[in-house]
Amino acid sequence: MKILKFGGSSVGSAESINRLMTILKGEEGNDEKPIIVLSAMQGVTNLLTEMAIRASKGESFEADLKELENMHFQVVKKLMTVRSQNPVFTQLKIYFNQLEDILQGVLTLQELSPQIKDKIVSFGERCSVLLVSHIAAQYFPQTLAVDASSLIKTDHTFGNARVDIDLSEKRIQEFVDANKGKLLFVTGFIASTPEGKITTLGRGGSDYTAAIFGSAVNASSVEIWTDVDGMLTADPRIVKKAFSLPVLSYTEAMELSYFGAKVIYPPTMMPAFLKNIPIVIKNSFNPSFAGTVIQADSGRSSFPIKGISSINKVSILNLSGSGMIGKAGFSGKLFTLLAQNHINVILITQSSSEHSITFAVHPEDALQAKYLIESEFELEIAADKLNSPELEGELSILAIVGENMKKTPGMSGRLFYALGRNGVNVRAIAQGSSEYNISVIISQNDLSKALNAVHDAFFSSLKTTLHTFCLGTGNISSTLLSQIRKQHEFLKENNDIEIKLVGISNSRKMHIDLNGIPLGNWSDTLDSNGKDADLKLFIEEMKELNLPNCVLLDNTASNEPVRFYEDVFSSNISLVTCNKLANSGSYSQYKSLKECARKHGVDFFYETNVGAGLPIVRTLKELMTSGDRIISIEAILSGTISYIFNNYIGDKSFYEVVKTAQELGFTEPDPRDDLKGADFMRKFLILARDSGLTLEPEDIKLEDILPRKCIEAPSVEAFYDELQASEEHFKALKDRAEAENKVIRYIGKLEDGQVNIRLELVDSSHPFYSLSGSDNVISFITERYSQRPLVVKGPGAGAEVTAAGVFAELVNVGHNA
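My aim in this report is to walk through the structure given alongside it, one point at a time. (Residues numbered from 1 in each chain as written. Predicted model: local features only at pLDDT ≥ 70, side-chain atom pairs only at ≥ 80, totals over all residues. Heavy atoms only, no water.)

## Some points on helix α11 (residues 363-376)
- Taking 1.5 Å per residue, 14 residues should reach 20 Å; α11 reaches 20 Å between its end C-alpha atoms and fits that length.
- Considered for burial, the residues of α11 that qualify are Asp365, Ala366, Ala369, Leu372 and Ile373. Each buried residue of α11 sits inside an arc of 140° when the element is viewed along its axis, so together they form one side. Away from its buried face by more than 90 degrees, α11 exposes Glu364, Leu367 and Tyr371.
- Lining the buried residues of α11 we find β11 (307-320), α10 (330-340), β13 (356-361) and β14 (390-401). (Helix = DSSP H or I, 4+ residues; strand = E, 2+ residues; numbered from the N terminus. Expected span 1.5 Å × (residues − 1). Buried < 20%, exposed > 50% of the residue type's maximum accessible area, 1.4 Å probe, protein only. Arc of directions from axis to C-beta. Contact = heavy atoms within 4.5 Å.)

What follows is the structure, encoded as structure tokens:
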């Protein structure tokens, strides 16, 4: 025999009750008919409670009573034949008349006792069972509505009565035996005292009814039909990637539910647990889904934990002082005091020195707990042996749960790495000796981010979502977003990374969408939905969203974003940038940014600052990390200048080559930004700093390529005019190189702590002689690479390779998450 319990959402409408009938039809053909336990229709218990409170305040309840009648009458009209309706209408009307009389008495006396409140809310289950059992009678023979208050006996604790299990199970067994062959529809939640006064069973009361019936008849299983696909790995309202767990142990289910999972309330399921009766959580809106089976042993799992649960709102009290050290019975006295005053302690942690105890309580109990402690330990506080208890609110508890955690190394490390990387500060930690649960107290504002970050960390077969914000919509960003779109599925399948574009901004418009901006038409979305750009506001909105695994991409060439870099790092947001200005400004700024990123445990990637997509910065970093020492660096680090001098051959004029380079996108909008060598200087300065030198921009010796008149031209058009007029200057240099069988190269050298960048003529014996196209090349001479230098060579300019470099570093952020 099975017990099927249906919650309020499963009987909340005509459509829901129709689904329930379909589920029951699926049970036909079994040897024994199931016992059906029903909650009140969805929202009815709350409505009855509100009516009772309203009446106790002398306020009218008539409108709510009418609404209650209509809810039930409408279902009767929709689901029952006209001929069958009258008996149900009659009995419902009797219930509503009784309810009205009771409420009228509360209104007259303006007093609501727990006993009367229980009687009022009991009408929800009684109406539900009456309604559903009569509807079922149209499909199934011998249905019977059962008022469980006549079978389940309790003490006189109204609102949360204690059940006499032995007596109740005996009465249930006798009743079921006397009604064999009938389909029983039983009221959940309600019971009665030995004198027959209605009581209720508290939170999860209908589950409790199902468990008691299941224990009494030794049921094969107890099915809890609700509106979710079983027990999930996390709260699906917060963690969109949460998924259903096929199997849980009783212990795991209790831990998850204690820390916030609302599907079941394990204390009420204890009768079934004690007899090893499996509990099955099913979805009445998706009955074909297997759901979750809760049983004695959950078996092996590929995941290190079973789920992540949370309590949204808690307060903590911290009690400290020398008077606690070595004092036997202090903790017992403290927690007995709280228990005697019905204050539930959710979590406890104590320092090994015994100097402090921290415990969490529900916010509504926090002030009373503080007052009780101050009163009880008044003398110790006055003598400075104890400090006054410190109260802190607006906190949450996050707990990871699973039997596989036991004796599995690294669980705590993985949890705290995920929290720390996302800037979630842990206020207190608790872990039981069973190792089934690690709980942390964090800021309430960080709960959503923490749940998502920890879920990604432990369920590694899921995709790590990088919440990405992009500054700039020029060639590099456009190319990058196109590359991400093309590789989106590949990244998910092969790298377990999903890149979600959440925000994008240029100098005119900005747009943020938490659901993600489509990569295929981001430009149209920005134009149609974007608001006026405001970089400060964009950064603030990004911070306020407080998303896990958040990354800012700076694909601009502006100083404006640089002003916000430290603010971004301080908010535990990683940064990938091809903007050289941050690292090539003052040395103090460079050092401050690096230290800020390190302090907050986020990534600061800027490979494309030097050599576009070439692994130059990474190579230097790895040399330094491995303990190698740089002797000298020689490099050509401007793909633009490299392209220009590689193509300044034959009859082409210098003007023509520069113009072509700009048309191909190799130069900045003003080619002088490249040809003045400033960009080259910035790149070399970054390399010099990464190699350990404390250089300022003015320490770099930079030789001009352009004549002064070209540099000082008032506009780009005027610059090109001067460039044509200066052809003889460049031709003389070209002719000299050809005469000496050499080529023109603009080379930077770092040696003996000095950096020089100048035009040189090199012959075929030089490693930079055979450079072609827009290639960059860099040669490292180190203690380990002293005989033959380590050379990195490849394209160093162009939107495709630069975007590819940014893309690669974005993926690296995902790997570090």
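## Details of the sheet that holds strand β19 (residues 509-512)
- Reading across the sheet, the 7 strands line up as β20-β19-β18-β17-β21-β22-β23 and stay open at both edges, with mixed pairing between neighbours. Either end of the sheet is taken by a strand with one partner, and the two such strands are β20 (531-532) and β23 (604-605).
- In the sheet, β19 pairs with β20 via 2 bridges, with the strands oriented antiparallel. Looking at the pairing, Met510 lines up with Lys531 of β20.
- Together, β17 (464-471), β18 (497-505) and β21 (550-554) form the strand contacts of helix α15 (residues 475-494), whose direction differs from that of β18 by roughly 155°.
- Of the strands in this sheet, β18, β19 and β20 touch helix α16 (residues 522-529), which is tilted by about 105° from β19. (Pairing = 2+ DSSP bridges. Axes fitted to C-alpha atoms, helices over the stretch in contact; angles between N-to-C directions.)

## What about the sheet that holds strand β15 (residues 426-431)?
- Taken together, 6 strands build an open sheet; the order of strands is β12-β13-β11-β14-β16-β15 and the sheet is antiparallel. The sheet is open, and its two borders are formed by β12 (345-350) and β15, each paired with just one other strand. The sheet shows a mean angle of 30° between the axes of neighbouring strands, taken without regard to direction.
- Contacting β11, β13 and β14, α11 runs over the sheet at an angle of about 20° to β11.

## With respect to unusual backbone geometry
- One non-glycine residue, Asp384, adopts positive backbone phi at about 60°.
- With respect to the helices and strands, Asp384 occurs in the loop between α12 (378-382) and β14.
- Even without glycine at this site, Asp496 takes up a positive phi of about 55°.
- Relative to the helices and strands, Asp496 is located in the loop between α15 and β18.

## Thoughts on the packing of aromatic side chains
- This structure, assessed with the given rule, holds 23 aromatic pairs.
- Both rings, one in Phe335 and one in Phe359, keep their centres 5.7 Å apart while their planes meet at 75°; by these two values the pair is edge-to-face. One end of the pair, Phe335, is in helix α10; the other, Phe359, is in strand β13, and 24 residues separate them in sequence.
- Note on Phe359: relative accessible area 0%, which makes it buried.
- In this structure an aromatic cluster arises from ring pairing among Tyr565, Phe569, Phe604 and Tyr606. (Phe/Tyr/Trp six-rings, centres within 6.5 Å; stacked < 30°, edge-to-face > 60°.)

Interpretation in functional terms is not warranted from these geometric data alone.
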